[in-house]
Protein chains: 2
Amino acid sequence: MKTEIISIGNELLIGQVVNTNASWMAEQLNLAGFWVDRITVVPDEREEIFSILKEAKERSSVVLVTGGLGPTKDDITKDVLCRFFNTRLVFHEEAYKDVENLFKKRNFKVTDLNRKQAELPENCITLPNPNGTARGMWFSKTDDHGKTDFIFMPGVPFEMKPMLLDSVIPGLIKNFRKKTIYHKTVLTQGIGESFLSVLIEKWENTLPENISLAYLPQPGIVRLRLTGTGDDETKVKNQVDAEIVSLLKFIPEYFYGFDDDKLEIIIGDLLHKKSATLASAESCTGGYIAHLITSIPGSSKYYKGGIIAYSNEIKENELGVSRESLVKFGAVSEEVVTEMANRIRKKFNTDYAIATSGIAGPDGGTPEKPVGTTWIAIVTPDKTVAFRYLFGEERERNIRKTALQALNLLRKEIGNLD
Amino acid sequence: MKTEIISIGNELLIGQVVNTNASWMAEQLNLAGFWVDRITVVPDEREEIFSILKEAKERSSVVLVTGGLGPTKDDITKDVLCRFFNTRLVFHEEAYKDVENLFKKRNFKVTDLNRKQAELPENCITLPNPNGTARGMWFSKTDDHGKTDFIFMPGVPFEMKPMLLDSVIPGLIKNFRKKTIYHKTVLTQGIGESFLSVLIEKWENTLPENISLAYLPQPGIVRLRLTGTGDDETKVKNQVDAEIVSLLKFIPEYFYGFDDDKLEIIIGDLLHKKSATLASAESCTGGYIAHLITSIPGSSKYYKGGIIAYSNEIKENELGVSRESLVKFGAVSEEVVTEMANRIRKKFNTDYAIATSGIAGPDGGTPEKPVGTTWIAIVTPDKTVAFRYLFGEERERNIRKTALQALNLLRKEIGNLD
């Protein structure tokens, strides 16, 4: 069985918009057990759309098409569809009612253009679009041998995503999938892909054939995705979960969560449960840690605020770091970062505090403290800890890696109090 | 003349990596005057690569291929190339020397694998790769009628990008382009695409036929790209520049820069030139403004630091905002944001200060102050200004829009002193 994605849109061919739709769809299809064999981008032009449909029909069982629908683009695509599938447009009562209801909610008037959108090809199943006016269309087994299914969806991500998840993938699973599939992703921080692979090599080598492992690295984070396949859903799930229990024994200090967890959310939950509060004193991360924490709705419940002490003057005057430490050890030192963390905690009267001081680059490095040298301190109600890191040479990555490392250190310290 | 892009890589077909390579290439080609007609993604598999090359040869004059090269992937792709172009691999002395030199710089040992990478097809022109070991390959006019050029590049962006800009595009311009093309992009902040289009409608309608306009919106920012084509380079350039002078008269309060300018860079340059300093007091933006400012190398020269006053307690105790203002007007008010900006400037002893206070959402809105309500204040050596905005309902976008608006207000105030 071959599956392919076709994205229609001039904006994708001039580089104005990155084709995140196709990669999101490929990821979701892959999670549901469907391997995508090809992705093609074509312009909003009759002949180009017609010929890619013809090509796809020759080689694939399932063809997912996005774009080319919507009030201003409808004409071309639907015209091509009628020609390609040898059918005609008919007025679709239910589709029109949906548009009316959607517009009532938004206080818009239904126009002739919208009425025209309710004209849909006769020989397809239409898919509801709760977030827009263009319905999806599913043409089943369209070729002479009953081989190819074509599914058309709008290109607006906000409309396409629920349609794929709620209508298309369940339909594909029902019609095409033989086996059950179960995924679970283990999140790690503070270790690179190659070191991680050495650490878990023994475990990886003993994985049964029906469970596969994928490394998904991002700056500062590596995600490990386990995928199990089999006939019995419960059995596969239990098998994957048991493998994860074994895996975690190899990486206790790097593991922080599963699937879509984020460090800033986990910390928020931990603090909220303890009714504890947090403050930050940032130098090299320049507010990025505070930004991550406050990007979470409800963070004002546990995060009181922080000081960005970018200059030594502010470290001294506002945070009360001793001039002696600054002169003797330098701003990027255990002494200074520890003072920063303790002072902000006291000053802002919180339970926990984070502090960072480092050389983000590209300038400011010395032979003793090269670019990437970073100190992080965490203060809890019980103790102060501080660690030194040597990240890389890129400013942006150094800032991001420092922030993630600091959040993970904090997570561990809050967890330790349990 | 038809141009197409082929991206080889399994990682693109499982959604692990978004195909930013293809959209970046499409943008660069478009800027150089080449319209991309199709983008195709295929897996790292012999037969799939062979058949897409065959298809592309039928329809396109220029085919750009990325991926499938590099020390571990070389075998498959080069094998296919030899078969497809009916040629054989020969040892390429210059390519090998390049790898040796690159490795010497990085203190790596050249392995047999790297030596194999210097084996390249006999009948192509090779393209230097200053950032890696896999050379590019350009096969000219390969079909029976001398119609199709195939260009192969590595998939690593860091290696592909300089190769496209330094070797491929200059070659394409020399061989294929008839006219000269000139682009200039005008950057605006603080106005949406549809309002902007109304403002500049009159100007847009008088644009000559050889100059086109593209709207490129991002959250909080709209870029306007003008593209001129013609026979005489200087003439086209002058023509576009003159149109921009007219355009700017319609949007003086929204325009902030050209092409790749960023507000945080412009502000940094302005402050640096004046030897002036800046501090920030952020509530709703939670450190994001500080993060943008400190993402610029050298920002420690003008940015002293800031306070993230997320809770009212910190606004009162650390910034010295009066309790009376907080109780009487609320934290999201002209009075409080003005006090925040003035206090941080005094406390941190800087020339300029920014302050923000708003309801980022999703909670915290009231009928009088719905989610998205935001106050921004700027203090200069001469005066204090404060403005109220009503952004949208999405937390992330509200934070971003507030930060960009604050930076642009600051830019105007610094500029005013000139």
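The following refers to the structure shown. Owing to the predicted nature of the structure, the values given are computational and were not obtained by experimental measurement.

1. Quick look at the overall build of chain A
Within chain A, the regular secondary structure consists of 16 helices and 17 strands. Its C-alpha radius of gyration of 27 Å places chain A more than 25% over the 22 Å reference for a compact globule of 418 residues. Every one of the 418 residues in chain A was classed for burial, and the buried ones make up 55%. If you take every contact in chain A between residues at least 6 apart in sequence, the share linking residues at least 24 apart comes to 68%. When the accessible surface of chain A is summed, it comes to about 18700 Å², and 50% of that surface belongs to carbon and sulfur atoms. Of the side-chain charges in chain A, 53 are positive and 57 negative, and the distance between the mean point of each set is 3 Å.

2. Re the pattern of salt bridges
The tally for this structure, following the rule as stated, stands at 34 salt bridges over all chains. For Glu-316 of chain A, the salt bridge is made with Arg-323 of chain A, and the minimal N-O distance between the two is 2.8 Å. Here Glu-94 of chain B ties to Arg-135 of chain B by a salt bridge, and the two come within 3.6 Å at their closest N and O atoms. Residue Glu-94 of chain B is located in helix 5 (residues 93-106), and its partner Arg-135 of chain B is located in the loop between strand 6 (125-127) and strand 7 (136-139); the two are separated by 41 residues in the primary sequence.

3. Considering the relation of the copies chain A and chain B
Each copy of the sequence occupies a distinct position, and chain A is placed on chain B by a rotation of 180° and an axial shift of 0.1 Å, giving an RMSD of 0.2 Å. In short, the pair behaves as if placed about a two-fold rotation axis. Mapped onto chain B, 100% of the interface residues of chain A are again interface residues, and the two copies thus contact each other with one and the same surface.

4. Observations regarding the sheet that holds strand 9 (residues 180-189) of chain A
All names here are of chain A. Taking strand neighbours across the sheet as the criterion, the four strands line up as 10-11-9-12 in an open arrangement whose pairing is antiparallel. Across the chains shown, the open sheet's two edge strands, defined by having one partner strand only, are strand 10 (211-218) and strand 12 (255-258). Adjacent strand axes in the sheet meet at a mean angle of 25° when their direction is disregarded. When strand 9 meets strand 12, the two strands line up antiparallel, connected through three bridges. Residue pairing across strands places Val-186 opposite Phe-258, the latter belonging to strand 12.

5. Structural notes on the interface of chain A and chain B
Taken together, the contacts link 62 residues of chain A with 62 residues of chain B. Counting the surface lost from both chain A and chain B, the interface buries some 4800 Å², and carbon and sulfur atoms represent 55% of this. A salt bridge links Arg-38 of chain A to Glu-55 of chain B; its shortest N-O distance comes to 3.0 Å. Residues belonging to the side of chain A that touches chain B are distributed by class as follows: 29 nonpolar, 21 polar and twelve charged.

6. A word on the pairing of strand 13 (residues 278-282) of chain A
Residues and elements named next belong to chain A. The element strand 13 is largely enclosed, with a buried count of five among its five residues. Residues Leu-278, Ser-280 and Glu-282 point to one face of strand 13 and Ala-279 and Ala-281 to the other, with burial holding for every one of them. As defined by bridge partners, strand 13 adjoins strand 14 (residues 303-309) across five bridges and the pair is classed as parallel. Bridged to Ala-281 within strand 14 is Ile-307. Once the chain exits strand 13 it traverses helix 12 (residues 288-294) before rejoining the sheet at strand 14, and the crossover so formed is right-handed.

7. So, the sheet that holds strand 8 (residues 149-153) of chain A
A sheet is described by the order of its strands in space; here twelve strands give the open sequence 6(A)-7(A)-8(A)-3(A)-1(A)-2(A)-2(B)-1(B)-3(B)-8(B)-7(B)-6(B), paired in mixed fashion. Looking along the sheet, the strands with just one partner apiece sit at the ends: strand 6 (125-127) of chain A together with strand 6 of chain B. With direction set aside, neighbouring strand axes in the sheet form an average angle of 15°. Both strand 2 (residues 36-42) of chain A and strand 2 (residues 36-42) of chain B contribute to a ladder of three bridges, which runs antiparallel. Each residue of the ladder has a partner; that of Val-41 of chain A, found in strand 2 of chain B, is Ile-39 of chain B. In the packing of helix 7 (residues 157-176) of chain A onto the sheet, the strands contacted are strand 3 (62-66), strand 6, strand 7 (136-139) and strand 8 of chain A, and the crossing angle to strand 8 of chain A comes to about 170°.

8. Some points on the packing of aromatic side chains
Applying the stated criterion across every chain yields a total of 24 aromatic pairs over all chains. Here Phe-84 of chain A and Phe-150 of chain A contribute two aromatic rings whose centre-to-centre distance is 5.6 Å and whose plane-to-plane angle is 75°, an arrangement assigned as edge-to-face. Placement of Phe-84 of chain A in helix 4 (residues 74-84) and of Phe-150 of chain A in strand 8 is noted, with a sequence separation of 66 residues between them. Look at Phe-84 of chain A and you get buried, because its relative accessible area is 12%. Ring centres of Phe-50 of chain B and Phe-84 of chain B lie 5.5 Å apart, and the angle between their planes is 85°; on these two criteria the pair is classed as edge-to-face. With Phe-50 of chain B in helix 3 (residues 46-59) and Phe-84 of chain B in helix 4 (residues 74-85), this residue pair connects regions lying 34 residues apart in the sequence. As far as the burial class goes, Phe-50 of chain B and Phe-84 of chain B line up, both buried. One aromatic cluster is present, formed by Phe-50, Phe-84, Phe-85, Phe-139, Phe-150 and Phe-152 of chain A through successive ring pairs.

9. Re a negative patch on the surface
Where like charges cluster on the molecular surface, the negative patch consists of Asp-259, Asp-260, Asp-261 and Asp-269 of chain A. Looking at the secondary structure, you find Asp-269 of chain A in helix 11 (residues 263-274).

10. Observations concerning helix 5 (residues 93-106) of chain A
All names here are of chain A. Look at helix 5: 20 Å from first C-alpha to last across 14 residues, which is about the 20 Å you get at 1.5 Å a residue. Listed as buried for helix 5 are Ala-95, Tyr-96, Val-99, Leu-102 and Phe-103. Relative to the axis of helix 5, the buried residues are bounded by an arc of 125° and lie together on one face. With respect to the buried face of helix 5, the exposed residues turned more than 90 degrees away are Lys-104 and Lys-105.

11. Observations concerning unusual backbone geometry
Residue Pro-362 of chain A follows Gly-361 of chain A across a cis peptide bond; omega there is 0°. Relative to the assigned elements, Pro-362 of chain A resides in the loop between strand 15 (352-358) and strand 16 (373-379). One non-glycine residue with positive phi stands out, namely Asn-349 of chain A, at about 55°. Looking at the secondary structure, you find Asn-349 of chain A in the loop between helix 15 (334-348) and strand 15. With a phi angle near 55°, Asn-86 of chain B is a residue other than glycine that sits in the positive phi range. By secondary structure assignment, the location of Asn-86 of chain B is in the loop between helix 4 and strand 4 (89-91).

12. Quick look at the packing of helix 2 (residues 20-31) of chain A against helix 7 of chain A
All names here are of chain A. With their axes 11 Å apart at the nearest point, helix 2 and helix 7 run at an angle of 25° to one another. With respect to helix 7, the element helix 2 is oriented roughly parallel. In the packing of helix 2 onto helix 7, the handedness of the crossing is right-handed. Touching Asn-21, Trp-24, Met-25, Gln-28 and Leu-29 of helix 2 are Pro-157, Met-160, Lys-161, Leu-164, Leu-165, Ile-169 and Leu-172, all from helix 7. Of the residues in the contact of helix 2 with helix 7, the class split is nine nonpolar, two polar and one charged.

Cut-offs applied
Residues numbered from 1 in each chain as written. Chains lettered and ligands numbered in written order. Predicted model: local features only at pLDDT ≥ 70, side-chain atom pairs only at ≥ 80, totals over all residues. Heavy atoms only, no water. Helix = DSSP H or I, 4+ residues; strand = E, 2+ residues; numbered from the N terminus. Rg over C-alpha atoms; globule rule 2.2 N^0.38 Å. Buried < 20%, exposed > 50% of the residue type's maximum accessible area, 1.4 Å probe, protein only. Contact = heavy atoms within 4.5 Å. Areas by Shrake-Rupley, 256 points an atom, 1.4 Å probe, with all protein chains shown as cover. Lys, Arg positive; Asp, Glu negative; His and termini not counted. Charge placed at Lys NZ, Arg CZ, Asp CG, Glu CD. Salt bridge = Lys/Arg side-chain N within 4 Å of Asp/Glu carboxyl O. Least-squares fit on C-alpha atoms with pLDDT ≥ 70 in both. Pairing = 2+ DSSP bridges. Axes fitted to C-alpha atoms, helices over the stretch in contact; angles between N-to-C directions. Buried area = accessible area lost by both parts, 1.4 Å probe. Nonpolar A, V, L, I, M, F, W, Y, C, P; charged D, E, K, R; others polar. Right-handed = clockwise from strand over helix to strand, strands pointing away. Phe/Tyr/Trp six-rings, centres within 6.5 Å; stacked < 30°, edge-to-face > 60°. Patch = residues over 30% accessible without salt bridge, like charges linked within 9 Å, V, L, I, M, F, W, Y side chains within 5 Å. Expected span 1.5 Å × (residues − 1). Arc of directions from axis to C-beta. Parallel < 35°, antiparallel > 145°, perpendicular 65-115°, else oblique. Left-handed = near helix turned anticlockwise from the far one by under 90°.

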